[in-house]
Protein chains: 2
Amino acid sequence: MHRKNPDFYFLSENNLPFSDFLHFGLSTDCVIFGYKNKALRVLLIQRGAEPYMNSWAIPGDLVYPDEDLDSSANRILQHLTGLENIYFEQFHTFGSVDRHPVGRVITVGYYSLVRSDNHKPIASTWVKEVKWFDINDLPALGFDHEEIIHKALLNLRKKVRTEPIGFELLPEKFTLLELQGVYEALLQQQFDKPNFRKKILSMDLITPLNEVESNVAHRPAKLFNFDKKRYDAKKNNEISFEL
Amino acid sequence: MHRKNPDFYFLSENNLPFSDFLHFGLSTDCVIFGYKNKALRVLLIQRGAEPYMNSWAIPGDLVYPDEDLDSSANRILQHLTGLENIYFEQFHTFGSVDRHPVGRVITVGYYSLVRSDNHKPIASTWVKEVKWFDINDLPALGFDHEEIIHKALLNLRKKVRTEPIGFELLPEKFTLLELQGVYEALLQQQFDKPNFRKKILSMDLITPLNEVESNVAHRPAKLFNFDKKRYDAKKNNEISFEL
DNA sequence: AAAACTTATAGTACTTTTTACTTTAAGAAT
DNA sequence: ATTCTTAAAGTAAAAAGTACTATAAGTTTT
């Protein structure tokens, strides 16, 4: 009951050869959320290789030997969307013994929020198609990716209540009703318009611009943007966002 | 710019040999929280082998090739504390390229909550000493374990506000003032006694017992226990715990 | 150009929750 | 019996949340 390599320093007391411990594959997978027409959606790829050929899946890749986890997730996001400065967050790591048909591959799950307008999904050698799916109407997915999306969504729903990240799903300039739509899609609950407005404005985190929306068949709403500087300043004192 | 192994299915388009991608080490590390004398504390081990010989560290181990992540964390916890049914939760995965002197080892971070009375830490071959440290008075730690503890604490503080897990730090039967002490230690804030009591009781998640504390030099407080069944039943309808 | 329509935005009244504090109760120690 | 300490219940004011109404400011229709 002793290790083959006594130089090593973990608690293990078993009789497996040490080399068995260094044969893990490591990947990152990204659940990319978008928002359009009052609905939350997810960017999926259609696989062009085995296993799960032709299945839909969330984008992911193996981590390079000299690459940090966040860098890896960021690389995938940029590669696929062509965007920089995408908001992303690690939320859970999936490592079931049998989660992967090829071998023991554990994957670090990230979710990210992108402004729906700006993305132009880019297919690659290994990807047949890239497409947005409504969160409530997903196709069958390969691997354990249904579980990953489910968990990502639960995490996002929690986070969105205490940190002002809903803005990441909207363009720089947005109306209060658009913001309300984002939160209604995220939290699956309706808000009263005047009260939502009052609450958001009282947080003092978004600034009104001297612009209004255009091409609308009614009184145009004022445009706002999120004041990240002010939030960062406030954050140091106390948490100030809560829905 | 193409993979050596075209059977593989990730997005990677680089010229590294495929085998380079399967040489990751994988471990789990556990931040074990306890509560005593109105203070939050952490169980640390003193390392008995290189690297970081004699340094203090959080307990952890390599994951076995045929072992799930949660099982691995649970094994470490049981091994070290001798307890079963310990509350634990995966919170973040740490995988910086240089986080480990021996090679590329990524670690899945867990935190756990144990009832302070019940634990009898068990040292092992690789552990010189096992000891509780006040969360505000930690020794220097090996690896990136300071970062891991810091992040565990932040996660715990968030979680404890929306899920009734504070009980995990107390014995089965506890008084309301003891519970208040736990939350004050966790959240680093004082609560008003009558109001705390009112709020907790209004949640209808703890049941009064027909017992009172003994050996106290004043009016003894009633003992309560947490009603997990009732919580699980409520949980399905809506979240009902919030501090 | 006026009227009708749609949504923005301000305002108000009511309810519930939170907060701060006071009072009484119950046992232990002297 | 008296004193001490903490439990536990109660109360009132303040704050926050909720539901709804009224007015404003545009576009479209007539």
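Everything in this summary refers to the structure shown in the same document. (Residues numbered from 1 in each chain as written. Chains lettered and ligands numbered in written order. Predicted model: local features only at pLDDT ≥ 70, side-chain atom pairs only at ≥ 80, totals over all residues. Heavy atoms only, no water.)

What about the protein's contact with DNA strand C?
Not every one of the 19 residues close to DNA strand C is listed here, only the nearest: Lys193(A), Arg197(A), Lys198(A), Asn195(B) and Arg219(B). The protein-proximal atoms of DNA strand C, defined as those within 4 Å of the protein, are 58% sugar or phosphate. The side chain of Asn195(B) places a nitrogen or oxygen atom 2.7 Å from a base nitrogen of DNA strand C. The set of elements that each furnish at least two residues to the surface near DNA strand C consists of helix H4 (193–202) of chain A together with helix H4 (193–202) of chain B. Looking at the surface near DNA strand C, its residues break down into seven nonpolar, three polar and nine charged. (Near = heavy atom within 4 Å. Polar contact = N/O pair within 3.5 Å; in protein donor to acceptor, adjacent residues only side chain to side chain. Helix = DSSP H or I, 4+ residues; strand = E, 2+ residues; numbered from the N terminus. Nonpolar A, V, L, I, M, F, W, Y, C, P; charged D, E, K, R; others polar.)

Thoughts on the packing of aromatic side chains
Residue and element names in this part refer to chain A. Considering all chains together, one arrives at 24 aromatic pairs over all chains under this definition. A ring pair is formed by Phe 167 and Phe 226, whose centres lie 4.3 Å apart and whose planes are at 15°; its orientation type is stacked. You can see Phe 167 sitting in the loop between helix H2 (145–162) and helix H3 (176–187) and its partner Phe 226 sitting in strand S9 (residues 222–226), a full 59 residues away along the chain. According to the relative accessible area criterion, Phe 167 is buried, its value standing at 5%. Relative to Phe 196, the ring of Tyr 183 has its centre 6.2 Å away and its plane inclined at 50°; by these criteria the two rings are tilted. A residue pair is termed long-range when its members are at least 10 positions apart, and Tyr 183 in helix H3 and Phe 196 in helix H4 qualify at 13 residues. Of the two residues, Tyr 183 and Phe 196, both sit in the buried class. Each member of the aromatic cluster is reached from another via a ring pair, and the members are Phe 33, Phe 91, Phe 94 and Tyr 111. Over the ring of Tyr 64 we find Arg 75, and its NZ or CZ is 3.9 Å from the ring centre. (Phe/Tyr/Trp six-rings, centres within 6.5 Å; stacked < 30°, edge-to-face > 60°. Buried < 20%, exposed > 50% of the residue type's maximum accessible area, 1.4 Å probe, protein only. Lys NZ or Arg CZ within 6 Å of the ring centre and 35° of its normal.)

A few points about the protein's contact with DNA strand D
In the vicinity of DNA strand D lie 19 residues, with Asn195(A), Arg219(A), Lys193(B), Arg197(B) and Lys198(B) positioned nearest. Counting only the atoms of DNA strand D that lie within 4 Å of the protein, the sugar and phosphate share comes to 63%. In this structure, a sugar or linking oxygen belonging to DNA strand D sits 3.0 Å away from a side-chain N or O atom of Arg197(B). At 2.8 Å, a side-chain N or O of Lys198(B) approaches a base oxygen of DNA strand D. Elements represented by at least two residues in the surface near DNA strand D include exactly H4 of chain A together with H4 of chain B. The residue inventory of the surface near DNA strand D, partitioned by class, reads seven nonpolar, three polar and nine charged.

Details of the pattern of salt bridges
A complete count under the given rule lists 23 salt bridges over all chains for this structure. Taking the shortest distance from any N to any O, the salt bridge between Glu89(A) and Lys159(A) comes out at 3.3 Å. Of the two residues, Glu89(A) sits in strand S5 (residues 87–94) while Lys159(A) sits in helix H2, which places them 70 residues apart along the sequence. Salt-bridge contacts for Glu163(B) lead to Lys158(A); the nearest nitrogen and oxygen are separated by 2.7 Å. In this pair, Glu163(B) is assigned in the loop between helix H2 (145–162) and helix H3 (176–187) and Lys158(A) in helix H2, connecting two distinct chains. Under the relative-accessibility criterion, Glu163(B) is labelled partly exposed at 22%. The exposure class assigned to Lys158(A) is partly exposed, which follows from its relative accessible area of 40%. (Salt bridge = Lys/Arg side-chain N within 4 Å of Asp/Glu carboxyl O.)

Description of the side chain of Gln180(A)
Residue placement: Gln180(A) occurs in helix H3. For Gln180(A), the contacting residues outside a window of four places in its chain are Phe191(A), Asp192(A), Lys193(A) and Phe196(A). (Contact = heavy atoms within 4.5 Å.)

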